[in-house]
Amino acid sequence: MTIVASIDLRLTLFHRIFFMINIRHRIDELTHELNEHNYKYYVLNQPTVSDYEFDRKLKELEKLELEHPEFADANSPTKRVGGDITDKFEKVTHIRPMLSLSNTYSEEDIRDWEERLHKSVGDNIEYVLELKYDGVAISLYYKNGRFVRGVTRGDGSVGEDVSANIRTIGSIPLRLRGKFPDEFEIRGEIFLPHAVFAELNREREKQGEELYANPRNTAAGTLKHQDSKLVAKRKLDCFLYFVLGDHLPYDNHFDSLLHAADWGFKVPDHKMHLIEKANSIEEIMRFIHYWDEHRHNLPFDIDGVVIKVNQISLWDELGMTAKSPRWAIAYKFKAETVSTVLEKISYQVGRTGAITPVANLRPVLLAGTTVKRASLYNADQIAKLDIREGDTVFIEKGGEIIPKVIAVDTTKPRGSVHPHIYIRQCPECGTTLVRNEGEAAHYCPNENGCPPQIKGKIEHFISRKAMNIEGIGSETIAGLYEKKLIRTVADIYDLRKEQLIGLEFTVGDEFGENPKKRSLQEKSVNNLLAGIEASKKIPFERVLFALGIRFVGETVAKKLTRRFKTIDSLVAANAEALLETDEVGEKIAQSILEWFSLEANRSMVERLKNSGLLFTADEGRSLATVSERLKGMSFVVI
Ligand code: IVH
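Residues numbered from 1 in each chain as written. Predicted model: local features only at pLDDT ≥ 70, side-chain atom pairs only at ≥ 80, totals over all residues. Heavy atoms only, no water.

Engineer: What is the right way to look at the overall build of the protein in this model?
Structural biologist: A tally of regular secondary structure across the protein gives 22 helices and 18 strands. Seen through its C-alpha atoms, the protein measures out along the principal axes to roughly 110 × 80 × 50 Å. For the protein, the computed accessible surface area is about 34100 Å², with 53% contributed by carbon and sulfur atoms. For the protein, the distance from the average site of its 88 positive side-chain charges to the average site of its 95 negative ones is 4 Å. (Helix = DSSP H or I, 4+ residues; strand = E, 2+ residues; numbered from the N terminus. Areas by Shrake-Rupley, 256 points an atom, 1.4 Å probe, with all protein chains shown as cover. Lys, Arg positive; Asp, Glu negative; His and termini not counted. Charge placed at Lys NZ, Arg CZ, Asp CG, Glu CD.)

If you want it as C-alpha cells, here you go:
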C-alpha cells in the first residue's frame with residue numbers, strides 16, 4: 001500500500017513539475033515573440049503581425065503571469081502598458097556624470113573648434129555628425145542583456161529613477177538581442193513625435209483642456225508622470241546616441257551605434273542621413289546647412305546638430321572643459337525669423353478671463369507653414385517694443401507652436417503715428433478689465449457673464465479629470481451655448497433628447513473664423529445623454545474639482561472632501577475651519593469663501609444636487625451604510 005501511495009505521490013509531483021516547466025516555457029516563448037514584435041514595430045517600423053494577434057498573445061501572457069506570479073518579471077512585455085504608480089522618483093547618482101555639450105550658434109565657432117582639435121591631436125580626425133534631438137536626456141543601464149534602470153539627467157550627477165515609465169516606451173528594449181556586453185550604459189533623448197503631439201492636443205482641445213505648448217515640455221512632463229499607464233498612452237519615443245562602459249567591442253563612436261542597433265536599440269538611421277561620418281570642415285558645414293534647411297520635414301523636433309570625434313582613443317587625449325567634453329560640440333539652429341506687416345491687433349479672452357493680444361499678420365511663410373497670427377504676450381510687451389498697427393514686424397518660431405513678434409523692423413516705414421492703446425474693456429462682454437498687482441496679463445472679472453469664460457467653465461466641468469462626460473466636446477458646448485440651451489453647468493442636467501436631435505449650430509476655429517455648420521444626430525445625442533447620466537456617479541471630490549473654484553485643484557478638492565464630508569458643511573465652513581485643512585492656505589480659503597458667498601453659485605450647487613450629483617464623500621456614505629447594517633445587532637467582545 002505505502003509503495004503504491006508513494007509512487008502516486010511521485011507521479012503527482014512529476015506532473016506538477018512538468019506542468020510548471022510547460023508554463024515557464026510558454027511564458028518565455030510569449031515574452032520572446034512579443035519582444036520581437038515590439039522591436040519590429042517600434043524600432044524597425046516594420047510590423048509583421050496584426051494588432052489583434054499581438055493583443056491576443058499579450059492577453060495570454062498577462063493571464064499566465066497573473067496565475068503564476070512566481071514567474072513575474074519586471075521586464076515582461078506586459079509592463080509596456082504601464083500600471084505601476086511611482087509615488088516619489090528615487091534619486092540615483094550617475095555612475096558617470098551626464099555631461100552637457102558646449103554649444104554655439106556661430107559657424108565661426110565650429111571652424112575654430114575644428115582647428116583647435118587639429119592643433120591638439122593632429123590631422124587624423126574623423127567626425128560623426130548627428131542631429132541634436134530636442135527632447136529629454138535619459139540614461140539607460142543594462143546588465144546581462146536586461147534593462148535595469150532608466151535615470152533622468154537631473155543636475156548631471158544625480159538624476160531620478162523613472163524606470164516604470166521607461167518600460168512603457170516601445171522603442172526601448174527590455175531584453176537585448178544578439179551578442180551584447182555584460183554591462184553598459186546607453187544615453188539618448190526621449191521625445192514626442194509631432195504626430196503624437198498633435199493628436200494629444202486635438203484630444204485636449206476636444207476635452208476643453210489647456211493645450212500643451214510644445215513637444216519637448218510635454219515629453220519632459222510625461223516622463224515624470226507618476227502613473228505609468230498614462231505614460232504608456234502618450235507614446236513617447238527614444239533615439240540613443242551614446243554608449244558607455246568598460247571593455248566595449250569597438251574603438252569608434254560610429255561603430256558603437258551600429259552595435260547598439262544590433263542589440264535592439266533605435267539609433268539614428270544612416271540611410272536617412274540622420275547620422276553621417278565626415279573628414280573635413282566642409283562636410284560638417286554641408287550637414288549643418290542641409291539640416292537647417294530640411295529640419296521641418298522631420299517628424300520630430302531638432303534644435304541643431306552635434307559634431308563628435310569618432311575615434312574613442314582621442315576622447316581622453318582631448319579631455320574636458322569644466323562641464324563638457326572637448327571631443328564634441330553642438331551647433332544650434334537659430335529660431336527662424338521673417339518680417340511681415342502687422343495688419344491689426346486683436347484680443348482673445350481665454351477660459352480663465354485672461355486677455356491675450358494677437359498680431360494679425362499679412363500671411364508669410366515661416367518654418368514650413370504659412371503664419372497669419374502671432375502672439376504679442378501682454379500690454380507691457382507691446383509698449384516696450386512700441387508695436388503699432390501697420391508696422392512691419394519680425395516674427396520668430398522657436399519650439400512653440402505659435403510664433404511670436406520679437407521686434408519692429410525700424411528700417412521700414414512705421415504704421416500708425418500713435419503708440420498702440422491697449423483695450424480697457426473686455427472685447428466679449430464689455431466689462432472693464434482688471435490687472436492684478438505683479439501680474440502681466442489683464443483679466444475680465446465677469447466670470448459668470450462673459451461667454452468664453454462661461455464656456456470655459458463648462459468645458460472644465462465635463463473634462464476627463466472632472467465629471468468625465470463623454471460625448472460632449474468644446475464644439476458641442478459652443479453650439480449649445482449659441483442655442484441658449486446652456487448658461488451654467490447645472491443646465492447640462494436639464495438637456496432633453498427632443499431639444500437636441502437635429503440641433504443645428506455653427507462652429508468656428510479658435511479665432512471664431514472658418515465657420516462650419518454642424519447638426520446633432522440621434523446617435524451622438526444618445527451618447528451625450530448617456531455620458532451625462534453616468535456622471536451622476538462621479539465621487540464628490542471630483543464634483544468639487546469640477547465646479548472650477550479658483551485654486552481648488554484635484555488635490556485640494558480631495559483634502560476638502562475628506563475634511564468636510566458634505567457640501568453643506570463646506571458651505572458652512574468659515575475661514576478658520578478651511579485653514580485647518582491640509583494644503584489650504586489663505587489664498588485658497590479666500591477663494592472658496594468668495595465662491596460660496598455668491599448666490600448664483602449656491603443655487604447652481606442646489607440644482608446640481610437636485611439633479612442627483614454626489615455631494616457627500618464616499619467614506620461618509622459607506623460608513624453610514626455599514627452602521628445602518630449593524631443597527632440592532634449586539635456583539636460580545638472577548
Ligand atoms: S551627446 C557628452 N548627442 O544635448 C556628450 N547629446 O547639452 C553627451 N542631445 O543633454 C551628449 N542630441 O540631451 C548628444 N545626438 C546627440 C544629442 C544630444 C541631443 C542633448 C542631450 C544633452 C544635450 C547636451
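Engineer: Teacher, can you tell me more about the environment of Ala-589 here?
Structural biologist: For Ala-589, the location among the structural elements is in helix α20 (residues 586-597). In sequence terms Ala-589 and Phe-551 are 38 residues apart; their C-alpha atoms lie 9.2 Å from each other. Excluding anything up to four places from it in sequence, Ala-589 contacts Leu-578, Leu-579 and Val-584. (Contact = heavy atoms within 4.5 Å.)

Engineer: For this particular structure, what's the right way to read the packing of helix α12 (residues 451-462) against helix α13 (residues 474-482)?
Structural biologist: Pairs of packed helices are described in terms of their axes, by the angle between the two and the distance that separates them. Here α12 crosses α13 at 130°, and the two axes come no closer than 10 Å. Taken together, the axes of α12 and α13 are oblique relative to one another. Of the two possible hands of crossing, α12 and α13 adopt the one that is right-handed. Here Pro-451, Ile-454, Lys-455, Ile-458, Glu-459 and Ile-462 of α12 come into contact with α13, specifically with Ser-474, Ile-477, Ala-478 and Tyr-481. A breakdown of the residues in the contact of α12 with α13 according to their chemical character gives seven nonpolar, one polar and two charged. (Axes fitted to C-alpha atoms, helices over the stretch in contact; angles between N-to-C directions. Parallel < 35°, antiparallel > 145°, perpendicular 65-115°, else oblique. Left-handed = near helix turned anticlockwise from the far one by under 90°. Nonpolar A, V, L, I, M, F, W, Y, C, P; charged D, E, K, R; others polar.)

Engineer: Would you mind showing me how to read helix α9 (residues 281-294) here?
Structural biologist: Structural remark: α-helix, 3.6 residues per turn; residues separated by three or four positions point the same way. Under the 1.5 Å per step criterion, the end-to-end length of α9 is 20 Å for 14 residues, consistent within 8% with the ideal 20 Å. Among the residues of α9, those classed as buried are Ile-281, Ile-284, Met-285, Phe-287, Ile-288 and Trp-291. Burial along α9 is one-sided: seen end-on, the buried residues are contained in an arc of 160°. Of the exposed residues in α9, the ones pointing more than 90 degrees away from its buried face are Arg-286 and Glu-293. Elements that come into contact with the buried residues of α9 comprise α3 (107-121), β3 (127-133), β9 (275-278), β10 (302-309) and β11 (328-332). (Expected span 1.5 Å × (residues − 1). Buried < 20%, exposed > 50% of the residue type's maximum accessible area, 1.4 Å probe, protein only. Arc of directions from axis to C-beta.)

Engineer: Help me understand the site of the ligand, please; the structure alone is not making it clear to me.
Structural biologist: If you check the shell around the ligand, you find 13 residues, and the closest are Leu-101, Glu-130, Leu-131, Glu-189 and Tyr-241. Here an oxygen atom of the ligand sits 3.2 Å away from a polar atom, N or O, in the side chain of Lys-132. One of the side-chain nitrogen or oxygen atoms of Glu-189 is found 2.6 Å away from an oxygen atom of the ligand. The protein chains hide 90% of the 520 Å² of surface that the ligand would expose on its own. For the shell around the ligand, the secondary structure elements donating two or more residues are β3, β8 (237-244) and β10. For the shell around the ligand, the leading source of residues is β3, giving four residues. Classifying every residue of the shell around the ligand by side-chain character gives eight nonpolar, one polar and four charged. (Near = heavy atom within 4 Å. Polar contact = N/O pair within 3.5 Å; in protein donor to acceptor, adjacent residues only side chain to side chain.)

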